[in-house]
Number of protein chains: 2
Amino acid sequence: MSIKKEITIYDLAKELNYSPSTISRALNDHKSISKKTVQRIKNAAEEMGYRPNTLAAGLRNNKSKTIGISISRINRPFMSSLISGIEEAARNAGYNVIISQSDDKYKNELSNTKALYDSRISGLIVSLSMETSDYKHFNQFIDQGIPVVFVDRVPASLNSYKVVIDNYSAGYSATKHLIEQGCKRIAHFAGAQHRNVYEERKKGYVDALKEHGLPVEKELIKYFKTLSFEEGRKTTAKLMALPNPPDGIFSANDTAAVSAIIYAKSMGIKVPEDLAIIGFNDDPISSIVDPALSTVSHPAAKMGEISAKRILEHSRANYDKTISEVTILNTELIIRDSSNRAKALLKSKKSRQPKT
Amino acid sequence: MSIKKEITIYDLAKELNYSPSTISRALNDHKSISKKTVQRIKNAAEEMGYRPNTLAAGLRNNKSKTIGISISRINRPFMSSLISGIEEAARNAGYNVIISQSDDKYKNELSNTKALYDSRISGLIVSLSMETSDYKHFNQFIDQGIPVVFVDRVPASLNSYKVVIDNYSAGYSATKHLIEQGCKRIAHFAGAQHRNVYEERKKGYVDALKEHGLPVEKELIKYFKTLSFEEGRKTTAKLMALPNPPDGIFSANDTAAVSAIIYAKSMGIKVPEDLAIIGFNDDPISSIVDPALSTVSHPAAKMGEISAKRILEHSRANYDKTISEVTILNTELIIRDSSNRAKALLKSKKSRQPKT
DNA sequence: TTGTACGCGTTATCAC
DNA sequence: GTGATAACGCGTACAA
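Rules and cut-offs
- Here, residues in each chain are numbered from 1, in the same order as that chain's written sequence.
- Chains carry letters and ligands carry numbers; both start at the beginning, A for chains and 1 for ligands, and go up in the order they are written.
- The predicted origin of the model limits local features to residues at a pLDDT of at least 70 and limits the giving and counting of side-chain atom pairs to 80 or more, whereas totals for whole chains, interfaces and linings rest on all residues.
- Hydrogens and waters are ignored; side-chain quantities use all the structure's heavy atoms.
- Every helix listed is a DSSP run of H or I at least four residues long, and every strand listed is a run of E at least two residues long, numbered separately from the N terminus.
- UniProt positions are given in the numbering used here, feature names are shortened, and annotations may be inferred rather than shown by experiment.
- Every residue pair with non-hydrogen atoms within 4.5 Å of one another is taken to be in contact.
- A 1.4 Å probe defines the accessible area here, and the buried area is the portion of it lost by two parts on being joined, summed over both.
- Salt bridge criterion: a side-chain nitrogen from Lys or Arg within 4 Å of a carboxyl oxygen from Asp or Glu.
- As used in this structure description, the phrase polar contact means that two N or O atoms lie within 3.5 Å; if the pair is within protein, one of them must be able to donate a hydrogen and the other to accept it, and residues adjacent in sequence are counted only when both atoms belong to side chains.
- Here the copies are matched by least squares. The fit uses the C-alpha atoms of residues with pLDDT of at least 70 in both.
- Where helices are involved, their axes are fitted lines through C-alpha atoms of the stretch in contact, as for all axes, and angles between N-to-C directions lie from 0 to 180°.
- Here the word oblique covers every angle except those under 35 degrees (roughly parallel), over 145 (roughly antiparallel) and from 65 to 115 (roughly perpendicular).
- Amino acids outside the nonpolar list (Ala, Val, Leu, Ile, Met, Phe, Trp, Tyr, Cys, Pro) and the charged list (Asp, Glu, Lys, Arg) are all regarded as polar, and Gly is one of them.
- Pairing between two strands is assigned when DSSP locates at least 2 bridges connecting them.
- When the centres of two rings from Phe, Tyr and Trp lie within 6.5 Å, Trp using its six-membered ring, the rings pair. Their planes under 30 degrees apart give stacked, over 60 give edge-to-face, and anything left gives tilted.
- Geometrically, a lysine NZ or arginine CZ counts as sitting over a ring once it is within 6 Å of the ring centre and also within 35 degrees of the ring normal.
- Between buried and exposed lies partly exposed: a residue is buried under 20% and exposed over 50% of the maximum accessible area for its type, with that area taken using a 1.4 Å probe on protein chains only.
- With the strands pointing away from the viewer, any crossover whose connection runs clockwise from the first strand over the helix to the second is right-handed.
- Here, the term nonpolar core denotes a set of buried Ala, Val, Leu, Ile, Met, Phe, Trp, Tyr and Cys residues that are joined through side-chain atoms within 4.5 Å.
- What makes a residue near a molecule or strand is one non-hydrogen atom of that residue sitting within 4 Å of it.
- This arc corresponds to the set of directions leading from the helix axis out to the C-beta atoms.
- Reported domain spans reflect what an automatic or database domain assignment gives.

The name given to chain A in an unreviewed UniProt entry is LacI family transcriptional regulator, with the source organism recorded as Saonia flava.

Structure below.
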């Protein structure tokens, strides 16, 4: 089977006895073309099966209607929701979305951003890889007036768009909540401290302790590499083996928190009575684990949508200088059973008989 | 700040006293250029900050090194792993990946595939929307010799590449497993029957019952709209209120199965003793729910990787006709506690005292 | 091994 | 309101 010839604006021009320029303008709703002509041309285009070549248009404009994304990995709940939000906003505006995964490696982030640059994207949305500490690879975009939006995991220094949540307040609230539940020794599962999100969550934790007259104890702050399930289990085991074990845990993500719940249950440690636990992100697993995990909900899709809109607005406004604009979104403390001591107390009173 | 001028092959040509064609060839490792020259040119390109313009190259070749994806939604575990697999394979081969979500609407799938076509993608990977029953929108690709790979949710008729799992066998095995656990009345949570995956899973279920001498009862086969958590809860409630309720459930996805577990627990129905449950997909929640959900694991990332490779191979081989090639991947039955009656029996013997 | 010349499909500019 | 022309950056047939 041979390949069908594609229809171009020249074919339309010949067919309708117009010049290619007129066709082009009509197709783009240029105001200088009469409504009638526009309709006639669009109808013919539809009928003849014309499809625009965005490559050609992009070459001509030195810009493709495309948003590039660089993230760690797609298959994590927060990330896939973020992308989903970006994609939806972008597509509504007629933009495509190119994704790339760094797998938390600086090297990959570097080559991915280069590849995205080569596609002449209209804007870049980045959630930094765990390893990244040098930001020079974003200059190529900024030098070309291409907006870069950092989302969630953002650099401290660089002037650019940023879309984040208030990690400090969230960490503070989560910890305060545990204190209100009567916890006196609250441990913290901390992420890599050179990434803003983890650093700020920890700061919130520390300040909440201090402001409520609780000591900040080094042995209760555990630094994780990846906040994985496995790491969570091991760390919980160590903590609970302490002479004076914690009675509460604030974990910087849900995976490690869920792992703590499961470990505690396996050891006969009552959650939340003996150990109250709160996580971060509101991943699907957090409402499935038993007892359900209290957590901080992260408006992932919304963050994606806003990031995309920053780029779309930027293109429209044609900003001529590097600007710094930070958008801070609200989080929500979600109290479930893993930290709700009042409810647990009520329950245990009601059912004296064991419930299996 | 003004925008920096971009370096083109012309700039390199001028700088090195070569013609643009030599530069172009050297950059593409054309064999007619001496190794030394290639090195010299590549070095200079690197040094001068040259970045290829893939738009121009794509226009010239009438093909961009890009793989397009059309799926229902990104933020579902199976889909995000699928995309992750595609992205990884594509990027290793120097291809970009454009994603689009149909949100299970035919209308969106239609406009998304058009947009992808306009980008002159090298190939399209599709998991059909729930609504799609007409496949004409894929002809534009096939007519142009652009490979279309259907993955997981595939059309019955169309000749094209397909990457699937053996849903029939998986459904059969899952059901057989429940039978082996002693279940006599096994219910099935079925998905929309016009999508191959759900139809085949159900067939496997039906045949397993028949071949083991169990009756196939209409009242035990429940057709779901979306296999959601909420639907799962309601349906389980109805089933368990039957005069003769089921003692096993094979659910076509994990979400509904987990929901069944949680509902059963809330009603004091013992899982797996009174009700054995098995799901499909091996989503993260399935290993977190208590008792952990038995399920069928779906090699999502692998399916993505293979789909991408089909396209890359196709481009290389330059197939000149529409071919039909189906790849069938193995699934794995994962037995956890929700269906493991032997283990449950053992446990209840051991611990006479309540363990809360 | 390298250079010349052209065209891919579109759109911006200038002219009428 | 419409047309002619050039240019975007690259790859390749043909020539040398």
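The discussion continues.
Novice: So what about unusual backbone geometry? Which residues, and what values?
Specialist: Of note, the bond from Asp290 of chain A into Pro291 of chain A is cis; its omega dihedral lies within 30 degrees of zero at 0°. Position of Pro291 of chain A relative to the elements: it lies in the loop between helix 12 (284-288) and strand 10 (295-297). With an omega of 10°, the peptide bond running from Val271 of chain B to Pro272 of chain B counts as cis. Locating Pro272 of chain B in the fold gives a position in the loop between helix 11 (254-266) and strand 9 (276-278). The backbone of Asp104 of chain B sits at a positive phi, close to 65°, despite the residue not being glycine. Within the element layout of this structure, Asp104 of chain B appears in the loop between strand 2 (96-101) and helix 6 (106-118). Positive phi values are uncommon outside glycine, yet Leu227 of chain B reaches one of about 55°. Summarising the element assignment, Leu227 of chain B is placed in the loop between strand 7 (221-223) and helix 10 (229-240).

Novice: Kindly report on the UniProt feature "domain: HTH cro/C1-type" (unreviewed entry) in chain A, identifying the contributing residues and their values.
Specialist: Here, the residues flagged by UniProt with the feature "domain: HTH cro/C1-type" (unreviewed entry) are residues 4-41 of chain A. As annotated, residues 4-41 of chain A comprises 61% helix and 0% strand, and the C-alpha atoms at either end are separated by 22 Å.

Novice: Can you break down the UniProt feature "domain: HTH lacI-type" (unreviewed entry) in chain A residue by residue, with the values?
Specialist: In the UniProt entry, the feature "domain: HTH lacI-type" (unreviewed entry) is given for residues 7-61 of chain A. Along residues 7-61 of chain A, the helical share is 69% and the strand share 0%, with 21 Å between the first and last C-alpha atoms.

Novice: Break down the interface of chain A and chain B for me, citing the residues and quoting the values.
Specialist: The interface is formed by 55 residues belonging to chain A together with 55 residues belonging to chain B. Buried area between chain A and chain B, summed over both chains or domains, comes out near 5,100 Å², and the portion from carbon and sulfur atoms is 53%. Of all residues in chain A, Arg51, Leu55 and Ile288 of chain A bury the most surface against chain B, accounting for 14% of the area lost on that side. Connecting chain A to chain B are six salt bridges. The salt bridge partner of Arg51 of chain A is Asp118 of chain B, with a shortest N-O separation of 2.8 Å. In this structure, the connection of chain A to chain B is made through 26 residue pairs in polar contact (both at pLDDT 80 or more). Those elements giving two or more residues to the side of chain A that touches chain B turn out to be helix 4 (54-61), helix 5 (77-92), strand 2 (96-101), helix 6 (106-118), helix 7 (139-143), helix 11 (254-266) and helix 12 of chain A.

Novice: Describe in detail the relation of the copies chain A and chain B, supporting the description with residues and values.
Specialist: After a rotation of 180° and a shift along the axis of 0.0 Å, chain A superposes on chain B with an RMSD of 0.1 Å. Taken together, the rotation angle and the small translation identify this as a two-fold axis. Residues of chain A ranked by C-alpha distance from the rotation axis are headed by Ile98 of chain A, positioned 2.2 Å from it.

Novice: Now, about the packing of helix 1 (residues 9-16) of chain B against helix 2 (residues 20-27) of chain B: what can you tell me, with residues and values included?
Specialist: When two helices pack together, their arrangement is given by the angle between their axes and by how far apart the axes lie. Residue and element names in this part refer to chain B. As a packed pair, helix 1 and helix 2 sit with axes 8 Å apart at the nearest point and diverge in direction by 110°. As judged from the angle between their axes, helix 1 and helix 2 are roughly perpendicular. Residues Ile9, Tyr10, Leu12, Ala13 and Leu16 of helix 1 pack against Pro20, Ile23, Ser24 and Leu27 of helix 2. Looking at side-chain class alone, the contact of helix 1 with helix 2 contains eight nonpolar, one polar and no charged residues.

Novice: Can you explain the sheet that holds strand 9 (residues 276-278) of chain A? Please cite residues and give values.
Specialist: Residues and elements named next belong to chain A. Reading across from one edge, 7-6-8-9 is the order of the four strands in this open sheet, with parallel pairing throughout. Edge strands, defined here as strands with exactly one partner in the open sheet, are strand 7 (221-223) and strand 9. The mean angle between the axes of side-by-side strands here comes to 15°, regardless of whether they run parallel or antiparallel. Across the sheet, helix 9 (residues 196-211) is in contact with strand 6 (186-190), strand 7 and strand 8 (248-251); its angle to strand 6 comes to roughly 165°.

Novice: Go over the packing of aromatic side chains, please, and point to the residues and values.
Specialist: The geometry of two aromatic rings is summed up by the distance between their centres and the angle between their planes. Residue and element names in this part refer to chain A. In this structure the tally under the stated criterion is 10 aromatic pairs over all chains. The interplanar angle of 40° and the centroid separation of 4.8 Å between the aromatic rings of Phe189 and Phe224 together place this pair among those described as tilted. Of the two residues, Phe189 is situated in strand 6 and Phe224 in the loop between strand 7 and helix 10 (229-240); the sequence distance between them amounts to 35 residues. A cation over a ring is seen here: Arg201 above Phe280, with NZ or CZ 3.7 Å from the ring centre.

Novice: Explain the pairing of strand 6 (residues 186-190) of chain B to me, using residue names and the numbers behind them.
Specialist: Residues and elements named next belong to chain B. With respect to burial, strand 6 is a largely interior element, five of its five residues being buried. Covered by surrounding structure in strand 6 are Ile186, His188 and Ala190 together with Ala187 and Phe189, the residues of both alternating faces. As defined by bridge partners, strand 6 adjoins strand 8 (residues 248-251) across four bridges and the pair is classed as parallel. Bridging from a neighbouring strand, His188 pairs with Phe250 of strand 8. Inspection of the sheet shows strand 6 paired to strand 7 by three bridges, in the parallel sense. Each bridged residue has a counterpart across the sheet, and for His188 the counterpart in strand 7 is Ile221. A crossover connection joins strand 6 to the parallel strand 7 through helix 9 (residues 196-211); in handedness this β-α-β unit is right-handed.

Novice: Residue-level account of the nonpolar core, with values.
Specialist: Ile67, Ile99 and Ile277 of chain A together with Ile67, Ile99 and Ile277 of chain B are the most contacted members of the largest nonpolar core, which has 140 residues in total. Sequence-distant contacts of Ile67 of chain A, that is, excluding residues within four places in its chain, are made with Ile86, Ala90, Tyr95, Asn96, Val97, Ile98, Gly123, Ile125, Ala308, Ile311 and Leu312 of chain A. In terms of nonpolar packing, the next biggest core, distinct from the first, is built from 34 residues, Leu116, Phe138, Ile146 and Val164 of chain B among them.

Novice: Can you break down the protein's contact with DNA strand D residue by residue, with the values?
Specialist: Taken together, 27 residues surround DNA strand D, and among them Thr22 and Arg25 of chain A together with Tyr10, Tyr50 and Arg60 of chain B come closest. Here Arg60 of chain A contributes a backbone N or O atom positioned 3.4 Å from a base oxygen of DNA strand D. Tyr50 of chain B places a polar side-chain atom, nitrogen or oxygen, 2.5 Å from a phosphate oxygen of DNA strand D. Of all the elements in the fold, those that place two or more residues in the surface near DNA strand D are helix 2 (20-27) and helix 4 of chain A together with helix 1, helix 2 and helix 4 (54-61) of chain B. Looking at the surface near DNA strand D element by element, the count peaks at four residues for helix 4 of chain B. The residue makeup of the surface near DNA strand D, split by class, is nine nonpolar, 13 polar and five charged.

Novice: Before we move on, can you summarise helix 2 of chain B with the specific residues and values?
Specialist: Residue and element names in this part refer to chain B. Turning to helix 2, its buried residues number three or more, namely Thr22, Ile23 and Ala26. Projected down its long axis, helix 2 carries its buried residues within an arc of 100°, all on one side. Lining the buried residues of helix 2 we find helix 1 and helix 3 (35-48). Where helix 2 terminates, the next one or two residues include Asp29, which has phi positive at roughly 55°.

Novice: Please give an account of the domain arrangement of chain A that cites residues and values.
Specialist: Residue and element names in this part refer to chain A. Here the domain parsing of chain A yields domain 1 (9-52), domain 2 (62-165 + 300-330) and domain 3 (167-298 + 334-350). Between the C-alpha centres of domain 2 and domain 3 the distance comes to 31 Å. If you look at the interface, domain 2 gives 13 residues, while domain 3 gives 12 residues. Buried area between domain 2 and domain 3, both sides added, is near 1,100 Å², and the carbon and sulfur share of it is 53%. Our count for the domain 2 to domain 3 interface comes out at zero salt bridges.

Novice: Account for the environment of Lys65 of chain A, naming residues and giving values.
Specialist: Residue and element names in this part refer to chain A. Relative to the elements of secondary structure, Lys65 occurs in the loop between helix 4 and strand 1 (66-71). Along the primary structure Lys65 and Ala115 are separated by 50 residues, whereas in three dimensions their C-alpha atoms are 16 Å apart. Setting aside anything within four residues of it in sequence, one finds Lys65 in contact with Ala93, Gly94, Tyr95, Asn96 and Ser122.

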